[in-house]
Structures are given as structure tokens and as C-alpha cells.
Amino acid sequence: MDWLFAHADDPDIDEPFDAPKGNVLGKESTESTGSAIQEGHGETATSSGASAEQDLQARSLKCDECSKLLKSELDAQAHAAKTQHSSFSESVEEIKPLTEEEKKEQLARLQERIKQKRLEKEEEEKKDQIAREKMRRNQGRDLGVAKQKLEEAEMRKIAEERRREKMEEKLARQRVKEQIEKDKRDRAAKFAKEKEASNPAASPAAKVASPTPAPAASQPPKEYTDCRLQIRLTNGQALTQTFGAKEPLSAVRLYVEMNRTDAQGPFSLMTSFPRRVFSSSDMDMPLDSLGLVPSSVLIVTRMQ
Ligand SMILES: [Zn+2]
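Residues numbered from 1 in each chain as written. Predicted model: local features only at pLDDT ≥ 70, side-chain atom pairs only at ≥ 80, totals over all residues. Heavy atoms only, no water.

**As for the confidence of the model for the protein**
(1) Moving on: The pLDDT averaged across the protein works out to 79; a share of 74% of its residues lies at or above 70.
(2) Moving on: Between residues 26–54, whose pLDDT stays under 50, and residues either more than four places distant or in other chains, the model counts nine contacts. (pLDDT = per-residue confidence, 0-100. Contact = heavy atoms within 4.5 Å.)

**A closer look at the nonpolar core**
A general feature of soluble globular proteins is that nonpolar side chains tend to end up buried together.
(1) Moving on: In terms of nonpolar packing, the biggest core is built from 21 residues, with Leu 229, Ile 231, Leu 249, Val 252, Leu 269, Leu 292 and Leu 298 touching the most fellow members.
(2) Moving on: Mapped by element, the contributors of at least two residues to this core are strand E4 (226–232), strand E5 (238–244), helix H8 (249–259), strand E6 (267–272) and strand E8 (295–302).
(3) Moving on: The element contributing the most residues to this core is H8, with four residues.
(4) Moving on: Filtering out sequence-adjacent residues up to four positions away, Leu 269 remains in contact with Leu 249, Val 252, Arg 253, Val 256, Arg 276, Val 277, Phe 278, Leu 298, Ile 299 and Val 300. (Core = buried A, V, L, I, M, F, W, Y, C linked by side-chain atoms within 4.5 Å. Buried < 20%, exposed > 50% of the residue type's maximum accessible area, 1.4 Å probe, protein only. Helix = DSSP H or I, 4+ residues; strand = E, 2+ residues; numbered from the N terminus.)

**Some thoughts on a negative patch on the surface**
(1) Moving on: On the surface, Glu 120, Glu 122, Glu 123, Glu 124, Glu 125 and Asp 128 cluster together into a patch of negative charge.
(2) Moving on: With respect to the element layout, Glu 120 can be found in helix H5 (residues 100–198).
(3) Moving on: On the basis of relative accessible area, Glu 120 is assigned to the partly exposed category, the value being 45%. (Patch = residues over 30% accessible without salt bridge, like charges linked within 9 Å, V, L, I, M, F, W, Y side chains within 5 Å. Areas by Shrake-Rupley, 256 points an atom, 1.4 Å probe, with all protein chains shown as cover. Salt bridge = Lys/Arg side-chain N within 4 Å of Asp/Glu carboxyl O. Lys, Arg positive; Asp, Glu negative; His and termini not counted. Charge placed at Lys NZ, Arg CZ, Asp CG, Glu CD.)

**Some points on the pattern of salt bridges**
(1) Moving on: On inspection of all chains with the given rule, the structure shows 12 salt bridges.
(2) Moving on: As a salt-bridge pair, Glu 105 and Arg 109 come within 3.5 Å of each other at their nearest N and O atoms. With a gap of four residues between them, Glu 105 and Arg 109 both fall in helix H5, about one helical turn apart.
(3) Moving on: Of the residues examined, Glu 105 reaches a relative accessible area of 45% and is grouped as partly exposed.
(4) Moving on: The class of Arg 109 is partly exposed, set by a relative accessible area of 44%.
(5) Moving on: With a shortest N-O distance of 3.0 Å, Glu 133 and Arg 136 are connected by a salt bridge. Of this pair, Glu 133 and Arg 136 both sit in helix H5, separated by three residues, roughly a single helical turn.

**Things to note about the coordination of the zinc ion**
(1) Moving on: Bound to the zinc ion are the protein donor atoms Cys 63 (SG), Cys 66 (SG), His 79 (NE2) and His 85 (ND1), situated 2.0 to 2.2 Å from the metal.
(2) Moving on: Donor residues binding the zinc ion come from one chain and are separated in sequence as C-x2-C-x12-H-x5-H. Residue Cys 66 is found in the loop between strand E1 (60–63) and strand E2 (69–70), and its partner His 79 is found in helix H4 (residues 73–83); the two are separated by 13 residues along the sequence.
(3) Moving on: Residue class for Cys 66 comes out partly exposed when judged on its relative accessible area of 36%.
(4) Moving on: Overall, His 79 belongs to the buried group, its relative accessible area being 9%. (Donors = N, O, S within 2.8 Å, 3.2 Å for Na, K, Ca; no water.)

**With respect to the pairing of E1**
(1) Moving on: Summarising the sheet, E1 and strand E3 (residues 88–91) pair through four bridges and their orientation is antiparallel. Residue pairing for E3: Cys 63 is matched across the bridge by Phe 88.
(2) Moving on: When E1 meets E2, the two strands line up antiparallel, connected through two bridges. The residue bridging Leu 61 from the neighbouring strand is Leu 70, located in E2.
(3) Moving on: If you look at the hairpin formed by E1 and E2, you'll find five residues sitting between the two strands, and Ser 67 has a positive phi there, around 65 degrees. (Pairing = 2+ DSSP bridges.)

**Quick notes on H4**
(1) Moving on: For H4, the complete set of buried residues consists of Asp 75, Ala 76 and His 79. Buried residues along H4 cover an arc of 100 degrees about the axis, so they all sit on one side. For H4, exposure combined with an orientation more than 90 degrees from the buried face picks out Glu 73, Leu 74 and Ala 81. (Arc of directions from axis to C-beta.)

Here it is, written out as C-alpha cells:
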């Protein structure tokens, strides 16, 4: 069977199973012996003599362990390799040619076996393909996961940046606000100093010396000629400008219209301490009568 399988591709597989002469054990030595005889005895050696001698030669090898007949040394080696049997002896028994029936049967088995092998191979290839596909898909998934992670990281980065920008914006607004407060305090302090300088009676030393009511309270309010305004725009920026105390609020309005850096459009003016939104009828009023003298913060708001 193994021999059949090994020789399945031989061109003579379908020819009668007579062992070729070259495969018969001892044939070669017989021939060389024959030629030697020929050389030695001239014409005495005949073809009939040679064939008679050949009849006495071993026709096959026999496995001593399982009695299997083997056609040639090559077959014996193959048998030994397959079965681990190691003892062979020469045999004059000829391997009987297979009957037609046996040949058919062997061929059918051979074909069955080839088919089986092919199926196994196909099965194996299919498995390999599945394994490769699985691996490919796993790699694809890994790639997808990596991509998703990258995108998430990117999004976190963007969100973080946005948060930082917002924080910086808030801090900037805070700084502006503080600057405004500081300016206000500075102005108040400067004003108090000037007042003190022009009216020595109001100095703390004078107060301690004479516990009379504060002159500022009893005296009429000082007449201011200037009105210093800080105008806060809708974008957080501020304009600072000094107006005449008797100028109408409409002058401030015009100034804002001409100098604003934020979005254009209708707006109102208001103060926050105390909260007061100026109406159109206030526009003709002088700044001092609106309580904006000597200095105030005006807030620009978008009109709805
Ligand atoms: Zn054997």
C-alpha cells in the first residue's frame, strides 16, 4: 500500500504488476557474471544456460519477522523503516502478480487514500485561513482600539485647552476689575488728599484738636468742573475719559458710539452702585445732576 502510494505518480502504475527485470534481486550480478563467463569461455555460454542460472537466484526478499515478501532491496529498506523489522532473507518465492480484482481494489484504496489526504489538506488550509482571518481581525480590533484611545486623548486635550482658556479669560477679567477698583481707590485717596490740603481744618490733627462737626458735612458740596468716567464695554474692555461736569449724558453716549471696540448696535448706559439704567430722557441731563461727578463707572449694555 505504501509502495503504491509512493509510486502513485509513476507512469507505469497502471501497467501489469510484473516486476521489471531490473528490480529482480541479483539480476545485475547475474549479468556481470554472465559476461564474465562469456569472456572466459567464449561461445560456451548460451542464453538458456543464463536463464537456468537465473531460476536459482532469489526472486524476492522475505521479512523474517512478518514473512512479507518484498520485491527489491529498496522495498525492504522501506519496509524496515516503516515497521522496524530488521531481518530479511533471500527467497526464491516470486511475488505473485496481482489479479485484476486485487489491482482494482488497491487502486480504489489508493484513490480513496489520495482523496482522504486531499480532504485533510483542504481542512488544514481552511483552519489556517480561519486562524489568519482571526489574527487579521484581532489586529484590526487592536488598531481600532488604539485609534479610539488616540481620539479620546485628543478630545481630552482640546477640552483641557478650552478649560484653560476660559480660566485665563476669567483671570483677565478679574485683573481688569481689580484694576478698576484700584483706580477708583486711588482717585478717592487723591481726592481726599487734595481736599485735606485745601482745607486744613479737615485734617485728622485738626479733628483731634477740635471735636467740632466735620466741616465737609456742614459745608455745601464742592462744585466739580470735571467728570471722570470709566466706561465698561460689553467685551470687557474699558474706555476712560474726562467730561465736563455740565455736559449732558448724550455727550458720553456719542463718545461711546465713536470709540467703542465691542459689537456695534443699540445700547444703554447704566451704573451698578447704585444700580440705575439711564433712559432717553436722562440724555439731556448734565453729568453732575445724574450723580456721576467727580468720577463713576458707566456700564454699556446691549439693548434687547
Ligand atoms: Zn516485516
